[in-house]
Every structure is written in C-alpha cells, then in structure tokens.
2 protein chains.
Amino acid sequence: MVNVGKRSGRPRAGEERLSREAILTAALRIVDDEGIDALTMRRLAATLQVNPMSLYHHLPNKAAVLAGLAELVFAGLELPDPGDAVPWDEQLKEAARAYRNGLRQHPNLALQVLSDTSAVSDVVVVTMEPFYRALDRAGLEPRQIFEAANTLIDFIHGFSLGEASVRAETFELAPDLLTRVRALPADKAPTLKRIVGGLGVEGLAYDFDGGFESGLSTLTAGIAATARRR
Amino acid sequence: MVNVGKRSGRPRAGEERLSREAILTAALRIVDDEGIDALTMRRLAATLQVNPMSLYHHLPNKAAVLAGLAELVFAGLELPDPGDAVPWDEQLKEAARAYRNGLRQHPNLALQVLSDTSAVSDVVVVTMEPFYRALDRAGLEPRQIFEAANTLIDFIHGFSLGEASVRAETFELAPDLLTRVRALPADKAPTLKRIVGGLGVEGLAYDFDGGFESGLSTLTAGIAATARRR
DNA sequence: CTCCTAATCCATACGTTGTACGATTATGTA
DNA sequence: TACATAATCGTACAACGTATGGATTAGGAG
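The rules behind these values
Residues numbered from 1 in each chain as written. Chains lettered and ligands numbered in written order. Predicted model: local features only at pLDDT ≥ 70, side-chain atom pairs only at ≥ 80, totals over all residues. Heavy atoms only, no water. UniProt positions renumbered as here; feature names shortened; annotations may be inferred. Helix = DSSP H or I, 4+ residues; strand = E, 2+ residues; numbered from the N terminus. Core = buried A, V, L, I, M, F, W, Y, C linked by side-chain atoms within 4.5 Å. Buried < 20%, exposed > 50% of the residue type's maximum accessible area, 1.4 Å probe, protein only. Contact = heavy atoms within 4.5 Å. Salt bridge = Lys/Arg side-chain N within 4 Å of Asp/Glu carboxyl O. Polar contact = N/O pair within 3.5 Å; in protein donor to acceptor, adjacent residues only side chain to side chain. Nonpolar A, V, L, I, M, F, W, Y, C, P; charged D, E, K, R; others polar. Phe/Tyr/Trp six-rings, centres within 6.5 Å; stacked < 30°, edge-to-face > 60°. Lys NZ or Arg CZ within 6 Å of the ring centre and 35° of its normal.

## Points about the UniProt feature "DNA-binding region" (unreviewed entry) in chain A
So, step 1. The sites that carry the UniProt feature "DNA-binding region" (unreviewed entry) are, in the present numbering, residues 40-59 of chain A.
So, step 2. For residues 40-59 of chain A, helix accounts for 35% and strand for 0%, while the C-alpha atoms at its two ends are 14 Å apart.

## Looking at the nonpolar core
So, step 1. By size, the foremost hydrophobic cluster in this structure holds 138 residues, and its most contacted members are Leu44(A), Tyr99(A), Phe131(A), Leu44(B), Tyr99(B) and Phe131(B).
So, step 2. Counting residues per element, this core draws most heavily on helix α8 (residues 142-168) of chain A, at 11 residues.

## Considerations on the interface of chain B and chain A
So, step 1. Listed per partner, the contact involves 58 residues of chain B and 58 residues of chain A.
So, step 2. If you look at where chain B meets chain A, you find 2 salt bridges.
So, step 3. A salt bridge links Asp136(A) to Arg194(B); the shortest N-O distance between them is 2.7 Å.
So, step 4. The tally of links from chain B across to chain A stands at 10 residue pairs in polar contact (both at pLDDT 80 or more).
So, step 5. At the level of elements, α5 (110-115), α6 (122-127), α7 (129-137), α8 (142-168), α9 (177-182), α10 (190-197) and α11 (208-228) of chain B are the ones that each hand at least two residues to the side of chain B that touches chain A.
So, step 6. Here the side of chain B that touches chain A gets 15 residues from one element, more than from any other, and that element is α8(B).
So, step 7. Tallied by class, residues from the side of chain B that touches chain A come to 27 nonpolar, 19 polar and 12 charged.

## With respect to the packing of aromatic side chains
So, step 1. A full pass over the atoms with the stated rule returns 10 aromatic pairs over all chains.
So, step 2. Ring geometry for Tyr99(B) against Phe131(B): centres 6.4 Å apart, planes inclined by 65 degrees, an arrangement best described as edge-to-face. Placement of Tyr99(B) in helix α4 (residues 88-104) and of Phe131(B) in helix α7 is noted, with a sequence separation of 32 residues between them.
So, step 3. In this structure Tyr99(B) comes out as buried when scored by relative accessible area, which is 1%.
So, step 4. Overall, Phe131(B) belongs to the buried group, its relative accessible area being 0%.
So, step 5. Of the aromatic side chains, those joined through ring pairs into one cluster are Phe155(A), Phe159(A), Phe208(A) and Phe212(A).
So, step 6. Residue placement shows Arg100(A) over the ring face of Phe212(A); its charged tip is 5.0 Å from the ring centre.

Written as structure tokens, this is what we have:
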C-alpha cells in the first residue's frame with residue numbers, strides 16, 4: 001500500500017512529531033478535559049496526528065502512560081517552605097495545604113496518582129522535605145518525624161480521595177445523606193442521630209475546606225503532644 | 001438451534017442459577033483470587049456456567065457489579081464497640097483497627113471500595129457509629145465529633161490505600177527507597193537525609209502495623225487536646 | 001384447563017479497545 | 001558506501017462490554 005497523504009518512515013532530524021513528554025502532555029490535557037475514560041491510545045494518537053502504534057516507541061504500553069501522568073503531576077508539585085519565619089505547626093500546615101491543592105489540580109487523575117506506587121520515587125520523597133523540616137523544628141526524633149509525616153500524608157491522601165470522588169460523581173447522593181440519617185430508626189445509630197440533630201441546617205452541605213483545616217489542627221495538636229513527651 | 005445439553009427457558013421456582021448475590025459472590029472470589037483485571041463479564045459468566053448475557057438480567061452493567069462489590073465489602077464490616085469498659089481513646093482505636101482490618105480483607109478491591117462514593121450510603125454511615133460514640137464520650141460537641149470522625153476516617157483511607165497499593169505492586173521499588181535516599185545529593189533534601197541516617201537499619205523495611213498505631217496515637221492525642229479546650 | 005405475560009436464559013453480532021507484527025524510511029556510525 | 005538503529009505507519013487480531021432478539025417455560029388470569 002502506498003502512502004499518499006502523510007509521510008511514513010523515520011522523519012527527518014528535528015521533524016520528530018513525538019516524544020515522551022509531548023505524549024504525556026497531550027494525555028494530560030485529554031484527561032483533564034474529558035476524564036480518564038476518554039484517554040485511549042487511539043484518541044491520544046489522533047490528537048497528536050499520529051498513528052496509534054507510533055506511541056509505542058516512546059512508551060511501552062498504556063499503563064506506562066498512566067504512570068507517566070502520575071509522575072507528571074507529582075513532578076509539578078512544589079511545597080512552599082516559609083521556614084523559621086513562622087511556627088513549625090504553621091509551616092507544616094502550609095506545606096500540607098499546598099500538597100492538597102496540588103492534588104486538586106487534576107481531579108480526574110487523583111485516583112491514578114494516589115494509587116500508583118511506582119510514582120513513589122526519589123522525586124516524591126524529596127518533595128516532602130518541608131514536612132520533615134517542620135517536624136524537625138517541632139523537636140521530634142528521626143523515627144517520630146518519619147511516622148508523623150506518613151500520618152499527615154495518609155490523611156491528605158484519604159481526604160483528597162474523598163474530595164476527588166465526590167467531584168467525579170454525579171453529586172446526587174452526598175447532599176441528602178444527612179437528611180436520610182435523620183430518617184433512620186432511632187435504635188440503629190442513636191449517637192449519630194443525636195450528632196446530626198445538633199449540627200444545624202448549615203451542616204447539610206459538607207465544607208471541604210473547613211474539614212481539611214480541622215484535620216490539620218487535630219494532627220498538629222497530636223504531634224505537639226508527642227513532642228512535649230520528649 | 002435446538003438446545004441439547006443445558007436446560008433453557010425460565011427455570012422452576014427455586015432452581016434459578018443466578019441471582020444478584022450469587023453473581024457478586026462469584027465476582028468477589030475472582031477479584032480476591034486473581035485481581036480486579038481478571039474480572040470480566042465473560043469470565044464471571046463462565047465460572048457461573050451461564051451465558052454472559054444472562055448476567056444482565058440481574059445487574060444493569062459491569063459498573064453495577066463493581067459497585068455491588070464495594071457495597072458487599074462495606075456490608076461485611078462490623079466495628080466492635082467495647083463501650084464504657086475502656087477509655088474513649090481505646091474505644092476509638094479499637095474501632096479504627098477493625099475498620100482497617102476490614103478493608104484489608106480484600107486488597108484487590110481497595111481502590112474500588114475507597115473511591116466508590118455511591119457505596120457511601122446509610123449502611124456505611126451507620127457502621128461508623130462506634131466512632132461517634134467514642135468521640136461523644138471524649139466530650140466533643142456535635143460539629144467537632146463530625147469533623148474528628150471524618151479526619152480519622154480519611155487517615156484510615158489514605159493508610160489503607162498505601163497498604164493495598166504496595167501489596168498489589170511487584171514490591172520492587174519500595175524496599176530500597178531508603179537506600180536510594182541515602183544516595184541523594186546532600187543539598188536536595190538535607191533534613192530527609194539526616195532523618196534517614198538516624199533511622200537505623202531496621203528502618204529500611206516499613207512497618208505497617210507500627211505506622212498505623214503511630215497515626216492512631218497522634219490522632220487521639222490531637223482529639224484529646226480539642227476536648228480539653230472545651 | 002387454557003391463554004397470556006413475564007421471567008430467565010441463550011446465540012449472534014457490533015463497535016471499541018490494547019497491541020503484536022512487519023514494512024517503510026531516515027539517521028548515525030563504520 | 002554499507003549497515004544497524006530509530007521513528008513512523010498499515011494491517012490485523014483477540015478480548016472486551018453489551019445491544020438486539022429469540023427460545024423456553026413458570027406462574028397467574030379467565
């Protein structure tokens with residue numbers, strides 16, 4: 001079969017249409033714009049105006065594309081470090097807020113990023129440096145720093161997972177969850193029902209920002225207690 | 001085409017080969033044994049000795065199967081409630097441990113369970129009752145109880161996600177992560193490098209149980225501080 | 001008992017997906 | 001110039017989810 005419209009074969013120097021980065025960038029745009037299910041190798045190749053099989057010379061398979069996207073998101077993270085200008089707990093919170101915000105940049109990718117452990121490379125660990133700095137200033141020992149950082153990171157991951165899931169769904173069930181709780185038989189969850197009763201009307205819409213800050217305060221308070229105990 | 005081997009048509013009462021539960025049970029076994037990717041409608045039908053299309057009379061599509069699995073796992077959760085026999089923080093920890101263990105029962109399903117918000121139904125909220133009971137005993141106000149419970153749950157989710165991901169992967173990168181950190185240039189992450197230096201050799205293998213307990217202690221300490229502040 | 005309806009299951013088929021294989025063409029090195 | 005290598009393309013295949021429609025038969029209505 002003769003090639004009529006497009007050129008085939010190896011392109012001239014400087015005319016390569018593809019590269020790992022170009023592919024990943026295009027993939028990220030597709031995922032951000034249309035969701036993770038819209039990302040197929042064919043669709044990706046089409047937006048790059050390239051034959052689907054050409055992608056496989058730069059990435060071994062689709063899993064590698066997804067892993068590369070997770071890596072890309074992590075690489076884009078930059079946690080600020082206000083340093084000694086603020087108390088250690090504020091330093092810690094500021095880095096945590098930035099981490100959460102970074103994960104929120106690409107909600108359609110959250111699940112992939114949070115579950116892809118191959119993305120847990122040197123890059124990621126190094127990114128967390130501000131966490132270790134702040135915890136060091138708090139007066140923790142090495143092992144305590146390590147564990148406290150992991151606890152904080154786990155909280156952020158769990159929080160981000162919930163946040164991303166709610167945004168991804170049709171947002172139908174969540175809003176009226178509390179009203180349905182009110183309708184539960186009293187013997188099933190008495191404490192829960194009492195709590196909901198004491199929440200007031202404004203409690204019906206969950207406040208993600210407030211929830212996150214509350215978690216941060218609880219964690220820093222707990223870490224402070226550990227530091228005080230030596 | 002005449003049906004020779006198998007029976008066809010509507011089965012006699014009580015002789016139905018399929019049901020929502022039977023399908024989900026078989027699906028759960030496949031996922032547990034061979035991973036989430038092994039679950040296809042054809043494979044599922046084969047293990048039930050049934051035509052693939054028969055499944056669609058009990059579940060509308062594959063997404064419903066996955067959602068049903070998440071629901072199944074949640075329904076199987078039972079958080080113990082030692083009640084007033086122990087201090088509130090131990091009561092809280094005990095429920096948290098049970099929650100984590102419940103999620104660990106089906107590691108191949110963790111991602112699905114943790115990200116499927118449609119599973120966040122009445123059942124789930126009611127399951128969390130021991131959390132609310134313990135936090136109530138701690139002396140928190142309704143809104144604080146709500147927020148503290150969410151923080152704890154988010155931590156458990158994040159922790160479980162990491163735990164499941166590591167188990168699911170080939171377990172190649174994680175073990176030598178710390179050794180690679182040691183090899184990093186000193187100016188990239190000085191605090192991290194110092195912490196790792198102070199961890200000792202046994203720190204190279206991450207201790208999930210220890211990490212979880214550490215997180216629980218940090219959280220309960222933080223909650224106690226909130227309770228003390230009124 | 002007879003007819004109708006609805007439940008259950010099956011056979012076939014379609015469009016889409018990831019990607020294996022081989023051919024084609026340019027580059028860089030010997 | 002000769003040749004290994006790299007980048008792209010064309011074709012093809014197996015597996016997937018599931019739409020459609022038909023076959024069989026249990027159970028309810030008359």
